[in-house]
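# Observations on the model geometry
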Amino acid sequence: MPKTHVTMKVNGSEVEGLAEPRTLLVHFLREQAQLTGTHIGCETSHCGACTIDIDGMSVKSCTMLAVQANGAEITTIEGMANADGTLSPLQEGFRMMHGLQCGFCTPGMILRAHRLLKENPSPTEAEIRAGISGNICRCTGYQNIVKAIQYAAAKINGVEFQEAAE
Ligand code: FES
Ligand code: FES
């Protein structure tokens, strides 16, 4: 199968490579760009472990071809930390609120939450749960992921985080 030259901006850097028309974006990112934070948890587009941010949208990168991302601007989990190396509010929130265990869903979950908080900076619990419904986690039961996103939202909005009573 002839390969196509594709270029995309990933986490602020130009990434280029050759991709077959059938090459999935998730494989291109993991194998060509060596960005292995983005994971593959299914083959039916359900799990969201492959979620990245592309041109201002949350996209499951297992369900997009690398050639379709030609010219796109992409953020993956490797681009989430602050420039000085400190954690972003979401990364910090997931740690502080124990929003991860095995960590396999976490890159996709954080990238989805990143876009969710841009769409809705002060989401309710129900809006968070609906907003991450494309991302499956086998470990946490989601409760602490919700808290992690609430923690990050509070930090981004400059308000004090109040853990809701259970
Ligand atoms: S790998 Fe499961 S949705 Fe992409
Ligand atoms: S932390 Fe293990 S799948 Fe979510």
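Quick look at the structure, then. Predicted, not measured: the structure shown is a model, and the values here were computed from it.

## Looking at unusual backbone geometry
With phi around 55 degrees, Asn11 is a residue other than glycine that occupies positive phi space. Inspection of the secondary structure assignment puts Asn11 in the loop between β1 (4-10) and β2 (13-19). The class of Asn11 is partly exposed, set by a relative accessible area of 27%. With a phi close to 60 degrees, Gln34 is a non-glycine residue in the positive phi region. As for its placement among the helices and strands, Gln34 is situated in the loop between α1 (25-32) and β3 (51-54). Residue Gln34 is classed as exposed on the basis of its relative accessible area of 58%.

## Examining the pattern of salt bridges
If you walk through the whole model with that rule in mind, you get six salt bridges. When the shortest N-O distance is used, the salt bridge between Glu92 and Lys155 registers 2.9 Å. Of this pair, Glu92 sits in helix α2 (residues 89-96) while Lys155 sits in helix α5 (residues 143-157); the two residues are 63 residues apart in sequence, bridging distant segments of the chain. A salt bridge links Arg129 to Glu125, with the nearest nitrogen and oxygen atoms 2.8 Å apart.

## Digging into the environment of Glu92
When its relative accessible area of 17% is taken as the criterion, Glu92 is described as buried. Along the primary structure Glu92 and Tyr151 are separated by 59 residues, whereas in three dimensions their C-alpha atoms are 8.5 Å apart. In this structure, Glu92 is in contact with Leu87, Tyr151 and Lys155, ignoring residues within four places of it in sequence. Looking at Glu92, its side chain comes within polar contact range of the side chain of Lys155, at 2.9 Å.

## Examining the pairing of β2
The two faces of the sheet receive side chains in turn, since in a regular strand these alternate between them. Both β1 and β2 contribute to a ladder of seven bridges, which runs antiparallel. In the strand pairing of β2, Met8 is matched with Val15. Connecting β1 to the next strand, β2, in antiparallel fashion are two residues, including Asn11 with a positive phi near 55 degrees.

## Digging into the nonpolar core
Inside soluble globular proteins, nonpolar side chains tend to come together where they are buried. Leu90, Phe94, Met109, Ile145 and Ile149 are the most contacted members of the largest nonpolar core, which has 22 residues in total. Elements represented by at least two residues in this core include exactly α2, α3 (106-119) and α5. Take this core: its biggest share by element is seven residues, from α5. The residues touching Ile149, leaving out its near neighbours within four places in the chain, are Leu90, Phe94, Ala113, Leu117, Ile128 and Ile132. Counting residues in hydrophobic clusters, the runner-up holds 18 residues, among them Val15, Leu29, Ile52 and Val59.

Definitions and cut-offs
Residues numbered from 1 in each chain as written. Chains lettered and ligands numbered in written order. Predicted model: local features only at pLDDT ≥ 70, side-chain atom pairs only at ≥ 80, totals over all residues. Heavy atoms only, no water. Helix = DSSP H or I, 4+ residues; strand = E, 2+ residues; numbered from the N terminus. Buried < 20%, exposed > 50% of the residue type's maximum accessible area, 1.4 Å probe, protein only. Salt bridge = Lys/Arg side-chain N within 4 Å of Asp/Glu carboxyl O. Contact = heavy atoms within 4.5 Å. Polar contact = N/O pair within 3.5 Å; in protein donor to acceptor, adjacent residues only side chain to side chain. Pairing = 2+ DSSP bridges. Core = buried A, V, L, I, M, F, W, Y, C linked by side-chain atoms within 4.5 Å.

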